[in-house]
Amino acid sequence: MKTILPLSLAFIFLFAGCNQDDLPISGEGLSVTIGERVVITAGDIDYYDLSTHFIYLKSPNSFLNEKLYRDSFQVYADGEKIYTGVFHSWVMSSIPLGPAIYTPVIFYPDYVVPIAFGSYTDIDGEKIPPTDPRSDARILSALKSHNQLHEGLQCEIRSVQFNPGGKVSLELELINNDSFNYYYLDPQKMGLGLFHYFTNGLSLWNPTLKKSFENHVEHLQSQSYDSWEMNWLSLINSHEKKTIWIHYTNFDQLPAGQYKLFFRFPGLSKVGKSELVQRNGRIWLGELDLSQDIQIK
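Residues numbered from 1 in each chain as written. Predicted model: local features only at pLDDT ≥ 70, side-chain atom pairs only at ≥ 80, totals over all residues. Heavy atoms only, no water.

Draft legend 1. The arrangement of the overall build of the protein in detail. Along its length, the protein carries 5 helices and 22 strands. Split into buried and exposed, the 297 residues of the protein put 45% on the buried side. Taking contacts inside the protein between residues at least 6 apart in sequence as the whole, the part at least 24 apart equals 66%. Split by element, the accessible area of the protein, about 16,400 Å² in all, is 51% carbon and sulfur. (Helix = DSSP H or I, 4+ residues; strand = E, 2+ residues; numbered from the N terminus. Buried < 20%, exposed > 50% of the residue type's maximum accessible area, 1.4 Å probe, protein only. Contact = heavy atoms within 4.5 Å. Areas by Shrake-Rupley, 256 points an atom, 1.4 Å probe, with all protein chains shown as cover.)

Draft legend 2. View of the sheet that holds strand E6 (residues 80-89). Spatially, E2-E1-E5-E6-E7-E9 is the arrangement adopted by the 6 strands of the open sheet, whose pairing is mixed. Edge strands, defined here as strands with exactly one partner in the open sheet, are strand E2 (37-40) and strand E9 (116-118). Averaged over all pairs of adjacent strands, the angle between strand axes in this sheet comes to 40°, irrespective of strand direction. Pairing of strand E1 (residues 30-34) with E2 involves 3 bridges; the strand directions are antiparallel. Along E2, the bridge assignment pairs threonine 33 with valine 38. (Pairing = 2+ DSSP bridges. Axes fitted to C-alpha atoms, helices over the stretch in contact; angles between N-to-C directions.)

Draft legend 3. Looking closely at the nonpolar core. Core analysis: the largest hydrophobic core is formed by 77 residues, its most contacted members being Ile55, Leu172, Phe263, Phe265 and Leu285. Sequence-distant contacts of phenylalanine 263, defined by excluding residues within four places in its chain, comprise Leu170, Leu172, Phe195, Gly201, Leu202, Ile246, Tyr248, Leu288, Asp289 and Leu290. (Core = buried A, V, L, I, M, F, W, Y, C linked by side-chain atoms within 4.5 Å.)

Draft legend 4. How the structure looks around the environment of tyrosine 108. Inspection of the secondary structure puts tyrosine 108 in the loop between strand E7 (98-103) and strand E8 (112-114). What makes tyrosine 108 buried here is its relative accessible area of 14%. Taking the C-alpha atoms as reference points, tyrosine 108 and aspartate 226, 118 residues apart in sequence, are found 9.2 Å from one another.

Draft legend 5. Representation of unusual backbone geometry in the model. Unlike most non-glycine residues, histidine 53 shows phi in positive territory, near 60°. Note that histidine 53 resides in the loop between strand E3 (45-49) and strand E4 (54-57). Of note, the phi angle at aspartate 78 is positive, near 50°, even though the residue is not glycine. Take aspartate 78: it is sitting in the loop between strand E5 (72-77) and E6. Its relative accessible area of 44% is what places aspartate 78 among the partly exposed residues.

Draft legend 6. Seen up close, the sheet that holds strand E20 (residues 257-266). Reading across the sheet, the 4 strands line up as E17-E16-E20-E22 and stay open at both edges, with antiparallel pairing between neighbours. If you trace the sheet from one side to the other, it starts and ends with strand E17 (211-214) and strand E22 (287-296), each paired once. The sheet shows a mean angle of 25° between the axes of neighbouring strands, taken without regard to direction.

Draft legend 7. Quick look at the packing of aromatic side chains. Within this structure, the stated rule accounts for 12 aromatic pairs. Ring centres of tyrosine 56 and tyrosine 111 lie 6.3 Å apart, and the angle between their planes is 40°; this geometry places the pair in the tilted category. Taken as a pair, tyrosine 56 in strand E4 and tyrosine 111 in the loop between E7 and E8 lie far apart in primary sequence, 55 residues in all. Residue tyrosine 56 is classed as buried on the basis of its relative accessible area of 1%. Taking the centre distance of 5.2 Å and the plane angle of 85° together, the rings of tyrosine 197 and phenylalanine 198 count as edge-to-face. We classify tyrosine 197 as partly exposed; its relative accessible area is 25%. Members of the aromatic cluster, connected to one another through ring pairs, are Tyr47, Tyr56, Tyr111, Phe180 and Tyr182. Taking the ring centre of tyrosine 111 as reference, the NZ or CZ of lysine 273 above it sits at 4.9 Å. (Phe/Tyr/Trp six-rings, centres within 6.5 Å; stacked < 30°, edge-to-face > 60°. Lys NZ or Arg CZ within 6 Å of the ring centre and 35° of its normal.)

As structure tokens, this is what we get:
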């Protein structure tokens, strides 16, 4: 004799066997949830900057002002969960592994959701975690389908010249593969001291000596941490490349050996939404971490 379950009871058994995380989020494009609560939909997004993984919103979103230190968030593309990240307090000494949103989001305006990624390299040279899910092809496809994906800026180390007397010259190439023109912090216009208020600048790590070698630029602070001026900025047009030279005159003496070079190219952070779009382009927000292995003879 066959037993036929009522339809309602069948649904109960069906969903009881499913993990809640596996249930699809309705809607197309990119969306973000906290638990079962959808906090960002495709309709909320102005654009996504791939260079920094910043979500620019059409209007401020209050969820980032909540106490979310122990919560996680989920990122979906066309209803499919792609990855989970954590909210991580700035006051904690630990560094999260994988995608993270640092809270409270005080260093960026309330229309920006900055998604960071924490990783490290183990003693075997393996990167942990091995991949960055923020650039998953399904996310990019979902953003492209809504015309919300923008490349942002790229920066590459082209050369480093070491001269006697602590003189080091760093050559960078700034690349704009985006359809937007961008304004960026220009060290020549700002002067080296003010530019290095926004970045620690060039440093080199010697793994054999287990020692870091630094530049010694005297940082010049702006009037307040969130103040800025348009005359600090230069414009890089869409699909343009620019060479930027930074000359250090008081760098640590570098013994011969193998080094890991680090440089963080800075951008502005606290820019009001009404100021973001200027006459000839947008102000680029964020920062780019650059590294390179070099041998000094």
